[in-house]
Structures are given as structure tokens and as C-alpha cells.
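# Overview (structure and organization)
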There are 2 protein chains.
Amino acid sequence: MSETEASVKRIRLFVAYDGTAYHGWQIQKNAVTIESELNRAISDLVGSDVMVIGASRTDAGVHSMGNVAVFDSDTRIPAEKIAGAINARLPEDIRVVKSDEVPTDWHPRHQDCKKTYEYRITRGRVQLPTKRLYSHFTYHYIDVDAMKAACGAFLGEHDFASLCAAGSQAETTVRTIYALEVEENGDDLVIRVTGNGFLYNMVRIIAGTLLDVGMGRKKPEDITGILESLDRKNAGPTLPAKGLTLVGYIYL
Amino acid sequence: MSETEASVKRIRLFVAYDGTAYHGWQIQKNAVTIESELNRAISDLVGSDVMVIGASRTDAGVHSMGNVAVFDSDTRIPAEKIAGAINARLPEDIRVVKSDEVPTDWHPRHQDCKKTYEYRITRGRVQLPTKRLYSHFTYHYIDVDAMKAACGAFLGEHDFASLCAAGSQAETTVRTIYALEVEENGDDLVIRVTGNGFLYNMVRIIAGTLLDVGMGRKKPEDITGILESLDRKNAGPTLPAKGLTLVGYIYL
């Protein structure tokens, strides 16, 4: 190994974004994505072509307060200063909240972790314009106590096949949910879920199933049967991407 | 008076908007404003040229949960149904929250009222992208208790000349503030102020003066002297428009 190679280090980034203007995280031809913006900004900073590895490939319109990505570079910029230097090259709707150095074999998708998402629903007669890009709107009466009563059945290790969008390439549909709660905040309902990982669209389908319970279309005691059926048709709808925010990761 | 004229009624609208994309409320040549969008949508609805009269001419970037406007029309659409019909012709970042009928001599700027604004400040190391258009960001340490202690001196009837932007055309700079509070909500500080009216930029200058207190640049006991000086130079800066939201009106 040459001396140059020996000085390569792996930098970890915690990345917040407003997903409204992007075609999701993952790099695509002919579309601007969070990943493509990060690659461009970091390559410009370090002076060579850099490609990040991301933890979560969020969909178009999904927001983040702390997605995680890594990249390798021999840059001499101190790891903790890299966040600010990248931000100076990014649009305002993407911000690196923090940067640090991790071992060169640290991979954001191969770590035991707890991952938290929030899904926001706003109730009212008319959708408030300032919330239109960050919350799913409903004018229905919602029984919040029923939604809260339904949360318990999701907890623990289950085969979540009935909460997974068709076409998922996951090897297994077994996941563990550590916590699920519905918080009332004025007109807003915030569904907050923490798990060791989520299947494709799983959080948006959990939110849709809980909303069905809140609207009286399903009962809290139906959840166990929905999970056991392993059939997507029995769960609620996939709610729109804009209400979803990746809150962040805790690595164990 | 002909029968047609006799049937003209005055419709009142409560209007919410995300001010990000607009050049403020007031109609302008070669710029899209909230007022121009309302005039276009209502004219399309009722089939004749309509011009609204607005209560508050909010600046570019300022948001609203309940600005008020009226227009006159002989439309046969029931007053309370007009909100939905206008919304069908408006972009999603402007919503008529409610419509009703008022006497034909009711004018939104000639009524005794209480008007409430909120100014939002977010503290943190890095500005969160999803809040960038709705909150003023600061990474400074803020002494919230000092800000709260400063609120009392603003209350009541005062000559607020020192909190008024230059170039105001107001006949008098005397106004009454009924309530002023600073609420802590996670990383956010919400300054909420209710008065019988506000001078040009007055709420943004109150917010800037309170923030100066929070940053230790001014003391709570300085406020009385700032007001008595009647000199704009002694107050704090005018904070950016994006942090300001017109919450609404209560007509007395």
C-alpha cells in the first residue's frame, strides 16, 4: 500500500433535506437527487470524483432530519469541518448537519441500528398552505384514541409482508418495531415509529393503516389479523410521501 | 337602484398562504401577488372582473393563516360555498379558509380589531431544510428568560415610532399592544403578538429587538428607553420576512 492510499479516510455525514424538489435520494439519469447533489458538492470540495454510500434511499418528496452517508477521501480537511465546507456548496434545501470520521470498513447499511421515522397528518377544514409539502391533510374526523390503541399490535418482531409494497427486493420481510406512538400536537398528528429497518413503503403503509383505524374503517383489534395474513391487500393505503420524514439513525 | 344592483352582496374571505412564491399581497405590475391570484380566481368564478380589498398588505415572503379580504358580487353562489369554489381556481399555496357575507359597507381596514402575528426563530447548529422558508435561523445561544422578561415593556398604548421602518405613511405611530409572549417549542421560539394594528415592519423589528435581548446585546430594562426615544436606530434589526406569519384577525 502506498503512502497516499494509507491516508484515505472514511467520512460519515448526517444529512437533512427538504425532499420536495428532488427525485428522491438515489442517483438517476436526467434527474436531480439528494445523492447526486452530495456527490457534486463533495467532488467539488475535495477535487476528485466522489460517490457517497447512503443509508436510506428515501423516495421523492420524503424529507430527512438525519439520513446517513459515507465517502472515502484523502482530504486533509478535519472530519468535523467537512460538514460546513460541503454546505457551502449545497443548495439550502440540503444540509449536512454533522460530519465525523469512521473506520474505513464502516458501512451505513451493514450496521445494527435503530431507525426512526415520523409521519405527519394534519386535520382541518382546509389544508394550511405552509404545511402542504410536509403533512398529509384530512378533513375527516379522526378517533385518535383508537389509533393509539392500535399501535401495540405492531410492536416486536413480525413478518411485515402485509405492510410491504409489491416489488420489494428484500431477502426477508421480517423486521422488529421497537416503538410506535401517535402524538397529538394541535391540528397535527405525528406517528413516530422506531425499528431495526423498514420494508419498501412500510412506514407509509403503517400510517395509512393507522389512519384507517382513526377513520373507523378498521378496528384496533384488526391489526394482528392484518399482520398474520401476510397480504398487502388487507392493510391500509400507502399515504403520500410528503408526510414522511426520516428522523434519524442510532447505531448500536 | 335597479334590481341587479340591489342584489350585490359583499363577501368576506379568510385567506391563508405560503408567501414564499409571491411578491407579497399587494397587486403589482409584472409580478404575481396574493391579491392578483385572488382577483384572477374570483373573476373566473363569478364571470366578471373582481378586485378584492385586503386587510393586511403583507410583504414578500410573509405567510398567513388568516388575512381578510372582501369583494362585491351579485353571484348566486351561497356565501359559505364561495371559499371552496375559489380554492378550486387557486394554486395550493393559497387557500380561502372560510367565506361569509358581511354588510356592504363593511371594510376590512376600517374596523376595530385585534390582529395577531407570530414570528418564528429556530435555534441549532445548522438550519433544518424543512424550516428554511418558515423560520429565522440562529446558531447563537439565546437567553429565553431574558426575552420573556422584556415583553412586558411593549404592552399597552405607546408611540412605536422607534419600531417603525423609515418611509411609513401612517398618520400616527401610536398603537396598542394587547399581548406579547415568547413560547419555547423544542428548538423553536415563537414570538406571538396581538395589537390593534402594526406599523410597517413593526413585528419584525419587535422580533429583532427581542432577539437582541436574547443574545445579550440589549437588556430587558432597555426596552422602555428604546420606545421613549422614538428613534428607529435604538431598536434591533428587522428580521427576515420568512419567519413572520399573520395568524389572523378578531373583529370587535
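Residues numbered from 1 in each chain as written. Chains lettered and ligands numbered in written order. Predicted model: local features only at pLDDT ≥ 70, side-chain atom pairs only at ≥ 80, totals over all residues. Heavy atoms only, no water.

### Thoughts on helix 4 (residues 144-151) of chain B
Residue and element names in this part refer to chain B. Along helix 4, the residues that are buried comprise Val144, Ala146, Met147, Ala150 and Cys151. The buried residues of helix 4 occupy an angular sector of 160° when projected down its axis, which confines them to one face. Counted as exposed and oriented over 90 degrees from the buried face of helix 4: Asp145 and Ala149. In this fold, the buried residues of helix 4 make contact with strand 5 (113-123), strand 8 (174-185), strand 9 (188-195), helix 5 (202-214) and helix 6 (223-229). Backbone nitrogen of aspartate 145 and a side-chain oxygen of the N-cap are separated by 3.2 Å at the start of helix 4; the cap is aspartate 143. (Buried < 20%, exposed > 50% of the residue type's maximum accessible area, 1.4 Å probe, protein only. Helix = DSSP H or I, 4+ residues; strand = E, 2+ residues; numbered from the N terminus. Arc of directions from axis to C-beta. Contact = heavy atoms within 4.5 Å. Polar contact = N/O pair within 3.5 Å; in protein donor to acceptor, adjacent residues only side chain to side chain.)

### Describing unusual backbone geometry
With a phi angle near 70°, asparagine 201 of chain B is a residue other than glycine that sits in the positive phi range. Structurally, asparagine 201 of chain B is set in the loop between strand 9 and helix 5.

### A word on the relation of the copies chain A and chain B
With an axial shift of 0.0 Å and an RMSD of 0.0 Å, the rotation relating chain A to chain B amounts to 180°. The two molecules are tied by a two-fold rotation axis, judged by turn and shift. The overlap is high: 100% of the interface residues of chain A also sit at the interface in chain B, so the same surface is used on both sides. (Least-squares fit on C-alpha atoms with pLDDT ≥ 70 in both.)

### Observations regarding the interface of chain A and chain B
In this complex, chain A contributes 21 residues to the contact, which on the side of chain B involves 21 residues. A buried area of about 1800 Å², summed over both sides, lies between chain A and chain B, and 65% of it is on carbon and sulfur atoms. When the area that chain A buries against chain B is broken down by residue, the three leading residues are Pro129, Thr130 and Arg132 of chain A, summing to 27%. Here chain A is connected to chain B by two salt bridges. With a shortest N-O distance of 2.9 Å, aspartate 18 of chain A and arginine 132 of chain B are connected by a salt bridge. Applying the counting criterion to the chain A and chain B interface returns two residue pairs in polar contact (both at pLDDT 80 or more). For the side of chain A that touches chain B, the elements supplying multiple residues, two or more each, are strand 1 (9-17), strand 3 (63-73) and strand 4 (94-102) of chain A. Of all the elements, strand 4 of chain A adds the most residues to the side of chain A that touches chain B, at five residues. (Buried area = accessible area lost by both parts, 1.4 Å probe. Salt bridge = Lys/Arg side-chain N within 4 Å of Asp/Glu carboxyl O.)

### Here we look at the side chain of threonine 58 of chain B
Residues and elements named next belong to chain B. Residue position: threonine 58 is located in the loop between strand 2 (53-54) and strand 3 (63-73). You can call threonine 58 buried: its relative accessible area is 7%. Separated by 2.7 Å, the side chains of threonine 58 and tyrosine 17 make a polar contact. With near-sequence residues (within four places) excluded, threonine 58 lies in contact with Tyr17, Gly24, Trp25, Asn67, Tyr117 and Leu246.

### Concerning the confidence of the model for chain A
This prediction gives chain A a mean pLDDT of 95; 98% of its residues lie at or above 70. Interface predicted TM-score (ipTM) for the complex: 0.89; the corresponding pTM is 0.92. (pLDDT = per-residue confidence, 0-100.)

### Details of the pattern of salt bridges
All names here are of chain A. With the rule as written, the count across this model stands at 30 salt bridges over all chains. We note a salt bridge from arginine 192 to glutamate 118, for which the minimum N-O separation is 2.9 Å. With arginine 192 in strand 9 (residues 188-195) and glutamate 118 in strand 5 (residues 113-123), this residue pair connects regions lying 74 residues apart in the sequence. Note on glutamate 118: relative accessible area 15%, which makes it buried. Here arginine 123 ties to glutamate 184 by a salt bridge, and the two come within 3.1 Å at their closest N and O atoms. Of this pair, arginine 123 sits in strand 5 while glutamate 184 sits in strand 8 (residues 174-185), placing them 61 residues apart in sequence. Accessibility expressed as a relative area gives 44% for glutamate 184, which makes it partly exposed. Put simply, Glu118, Glu181, Glu183 and Arg192 are held in one network by salt bridges that share partners.

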